[in-house]
Amino acid sequence: MNAEKKSLFIHSRGKQIAAAAAAVILCAVFFFFVSGKGKKKTVSASEELFAMDTVMTVSAVGERAEEAVKASVEEIRRLDALWSVGKEDSEISRLNRHESVELSEDTARLLERAVEIGSDTDGAFDITIYPLMEAWGFTTGEYRVPSEAELEELLQHVDVHSLDDPGSGTAGTSAETSGRDTDGTEAGSDLRQGYTLPEDVQIDPGGIAKGYTSDRIMEIFEEYGISGGLISLGGNVEAWHTREDGSAWRVGIRNPDPSHPALSSAELVGVVEAEDRAVITSGGYERFFEKDGTTYHHILDPYTGRPAEGGLISVTIVSSDGCLADGLSTALFVMGRDKALDYWKEHSGEFDAVLVEEDGSISVTSGLEEIFTSDLPFTVITS
Amino acid sequence: MWKRDAALLAGFLAAGAALFFIFRISRPEGASAVVRVSGQQYAAYDLGEDRTVEIQGKDGGTNLLEIRGGKASITEASCPDRLCMRQGSVSRQGECIICLPNEVVVEITGTKEELPYDAVAG
């Protein structure tokens, strides 16, 4: 520092004050700049969108969070266009009209997963349930109670095994061997030219599509080096890594019946601390209608064609496989408590579950013991 | 002379830092109900001020948002299922009311009391 520099700001009293004020403001701006710069390393981005007949939020933290969220939204829109039963030119709509469809890799993979989960659960999850969903009006909102005869007739075409090996026998492994291409057109299609659904069979991807989609978003998060992310596709939640402070994401499980005497004190069934896990809940409360004093919910039993009466009011599946979690939340709801827990015991390495019964009692499988908390009493099930 | 410059500089820095923090702290943090339509910001209303506003949703659909006693609720809606009206009132950070047909989301932000979870499955 020399006298010349000093003279820059100490000339007269007025200028001195002005210079001091300017310097103070400059310093403040500098701090804003520095604090902004510090944040730039961990940008967070979030978007809300309406797709697949529901509301979705995608949130991510990381240097490329904005790109990752944008790519995720585009992926959701792309898959929605492929699978929407409300869009006439979607692959699923065309399949349901029994057209011969050159399946995209994503649709082929979706069908493979659906058949796999359907077979493993002995048809408790069945993607061929579509004609029944339509008969009850769950696809349109024009609800009605079909007659026994109508259900009998429709049930003849509900059989996930009729879809065994969609495409061809060799195509079954294509998804694993060919790797993923982001636009999902090339790799699978040459193996799956002209796939047609069996006569009278129609499919409803609704029980698995959101789980598949959330797994795709996790792949995108990985691609963009996201350090933490949380997505909710209409209440299907999947957590990527951790929150910014390094702790696990806290995913609440909706109370399926706040008017229930045993559940009324709680806002939630409980909270699961999730890291790289999907938390997916199915319950009759999600969609239902009333007719002549009886409530009919949307989770249909593929064996009876009627709303499942397994004694459960909500089933939550926690798994690193979102697609599996989505399918199993429906399957275990259909199975009922005892069969559901038997199924878990045989597959305890793949998922965990929280079951809420009609009497309000809560069962939690042992893999969640350390990460599930609740204000309500619950029983831990061990295998 | 060098000492005086350093002191002056330190003084400016301190004053600047103080100004920065004052700006930070005084940033408005009042609780509000943020309304989004089709994912786009639509409006934000102070929860401390009672009012009733009509929200113009997707495809001409409407929802009547009522803010009363620090809580927000939907009291009338053009949608067929009226599920938004059944969702009751919200007042805590992160709580939402959603109307799917009109693509309207009302979310509470800026309250002191935070929810003990990041998302809800179901």
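Residues numbered from 1 in each chain as written. Chains lettered and ligands numbered in written order. Predicted model: local features only at pLDDT ≥ 70, side-chain atom pairs only at ≥ 80, totals over all residues. Heavy atoms only, no water.

A.B. asks: Can you help me understand the overall build of chain B in this one?
C.D. replies: Helix and strand content of chain B: 2 helices and 8 strands. Along chain B, helices (α) and strands (β) appear in the sequence α-β-β-β-β-β-α-β-β-β when read from the amino end. Burial statistics for chain B: of 122 residues in total, 40% are counted as buried. Of the contacts formed within chain B by residues at least 6 apart in sequence, a portion of 28% connects residues at least 24 apart. Total accessible area on chain B stands at roughly 6800 Å², and carbon and sulfur atoms take up 55% of it. (Helix = DSSP H or I, 4+ residues; strand = E, 2+ residues; numbered from the N terminus. Buried < 20%, exposed > 50% of the residue type's maximum accessible area, 1.4 Å probe, protein only. Contact = heavy atoms within 4.5 Å. Areas by Shrake-Rupley, 256 points an atom, 1.4 Å probe, with all protein chains shown as cover.)

A.B. asks: In this structure, what is going on with the confidence of the model for chain A? I would like to understand it.
C.D. replies: Predicted coordinates in areas of low pLDDT are best not read in detail. Residue and element names in this part refer to chain A. Confidence in the prediction for chain A averages 88 pLDDT; 82% of positions are at 70 or higher. Per-residue pLDDT stays below 50 along residues 1–10; that stretch engages in 10 contacts with residues further than four places along the chain or on separate chains. This stretch, residues 167–191, has a pLDDT under 50; its non-local contacts, to residues over four places away or in other chains, come to 42 contacts. (pLDDT = per-residue confidence, 0-100.)

A.B. asks: Would you mind going over the packing of helix 3 (residues 65–83) of chain A against helix 10 (residues 209–223) of chain A with me for this structure?
C.D. replies: Between two packed helices, both the angle of their axes relative to each other and the distance between the axes serve to describe the pair. Residue and element names in this part refer to chain A. Between helix 3 and helix 10, the shortest axis-to-axis distance is 10 Å and the interhelical angle comes to 150 degrees. Taken together, helix 3 and helix 10 sit at an angle that is classed as roughly antiparallel. Pair helix 3 / helix 10 crosses with right-handed handedness. Contacts between helix 3 and helix 10 involve Ala68, Ala71, Ser72, Glu75, Ile76, Leu79 and Trp83 from the first element and Ala209, Tyr212, Thr213, Arg216, Ile217, Ile220 and Phe221 from the second. (Axes fitted to C-alpha atoms, helices over the stretch in contact; angles between N-to-C directions. Parallel < 35°, antiparallel > 145°, perpendicular 65-115°, else oblique. Left-handed = near helix turned anticlockwise from the far one by under 90°.)

A.B. asks: What's the story with the sheet that holds strand 2 (residues 54–61) of chain A in this structure? I'm lost.
C.D. replies: Remark on secondary structure: sheet strands pair via backbone hydrogen bonds, oriented parallel or antiparallel. Residues and elements named next belong to chain A. With respect to topology, 9 strands assemble into an open sheet ordered 1-2-3-4-7-10-11-12-14, the strand pairing being mixed. Two strands in the sheet have a free side with no partner beyond their single neighbour: strand 1 (44–51) and strand 14 (379–381). Geometrically, the sheet is characterised by an average inter-axis angle of 15 degrees between neighbouring strands, direction not taken into account. Here 6 bridges tie strand 7 (residues 277–283) to strand 10 (residues 312–319), and the two strands are oriented antiparallel to one another. The residue bridging serine 282 from the neighbouring strand is valine 315, located in strand 10. Relative to strand 1, helix 3 is tilted by about 15 degrees, and along the sheet it contacts strand 1, strand 2 and strand 3 (228–233). (Pairing = 2+ DSSP bridges.)

A.B. asks: Teacher, can you tell me more about the nonpolar core here?
C.D. replies: Here is a general trend for soluble globular proteins: nonpolar side chains tend to be buried in one another's company. Residues and elements named next belong to chain A. Judged by nonpolar contacts, the single largest core of 71 residues is most densely connected at Trp83, Leu95, Phe221, Leu328 and Leu332. Contacts of leucine 332, omitting those with residues within four sequence positions, involve Leu312, Val315, Ile317, Ala340, Tyr343, Phe351 and Ala353. Core analysis: the next-biggest nonpolar cluster, separate from the first, contains 23 residues, Val251, Ile313, Val354 and Ile362 among them. (Core = buried A, V, L, I, M, F, W, Y, C linked by side-chain atoms within 4.5 Å.)

A.B. asks: Got a minute to help me understand the state of the cysteines in this structure?
C.D. replies: Here, disulfide denotes a covalent bond that connects the sulfur atoms of two cysteines. Counting across every chain of the model gives 0 disulfides over all chains. Free cysteine cysteine 84 of chain B: the closest other cysteine sulfur is in cysteine 79 of chain B, separated by 3.7 Å. (Disulfide = S-S within 2.5 Å.)

A.B. asks: In this structure, what is going on with the side chain of threonine 365 of chain A? I would like to understand it.
C.D. replies: Residue and element names in this part refer to chain A. Relative to the helices and strands, threonine 365 is located in strand 12 (residues 362–365). Of the polar contacts made by the side chain of threonine 365, one reaches the side chain of aspartate 352; its length is 2.4 Å. Ignoring any residue separated from it by four or fewer positions in sequence, one finds threonine 365 in contact with Leu341, Trp344, Asp352, Ala353 and Ile381. (Polar contact = N/O pair within 3.5 Å; in protein donor to acceptor, adjacent residues only side chain to side chain.)

A.B. asks: It is not clear to me how the pattern of salt bridges should be interpreted in this structure. Could you clarify?
C.D. replies: A complete count under the given rule lists 27 salt bridges over all chains for this structure. Arginine 64 of chain A is paired through a salt bridge with glutamate 67 of chain A; the nearest N and O atoms lie 3.2 Å apart. Taking the shortest distance from any N to any O, the salt bridge between glutamate 267 of chain A and arginine 92 of chain B comes out at 2.6 Å. Of the two residues, glutamate 267 of chain A sits in the loop between strand 5 (249–254) and strand 6 (268–274) while arginine 92 of chain B sits in the loop between helix 2 (83–86) and strand 6 (96–99), which places them in two different chains. Here arginine 92 of chain B falls in the buried class, since its relative accessible area comes to 19%. Members of the salt-bridge network, linked through shared partners, are Glu75, Arg78, Asp106, Arg109, Arg216 and Glu219 of chain A. (Salt bridge = Lys/Arg side-chain N within 4 Å of Asp/Glu carboxyl O.)

A.B. asks: Could you clarify how one ought to interpret the sheet that holds strand 7 (residues 104–109) of chain B in this entry?
C.D. replies: Residues and elements named next belong to chain B. A sheet is described by the order of its strands in space; here 4 strands give the open sequence 2-1-7-6, paired in antiparallel fashion. On the outer flanks of this sheet lie strand 2 (40–46) and strand 6, each paired with one strand and no other. On average, each strand axis in the sheet is tilted by 15 degrees relative to the strand beside it, whichever way the strands run. Pairing of strand 6 with strand 7 involves 4 bridges; the strand directions are antiparallel. Counterpart to isoleucine 98 in the pairing with strand 7 is valine 105.

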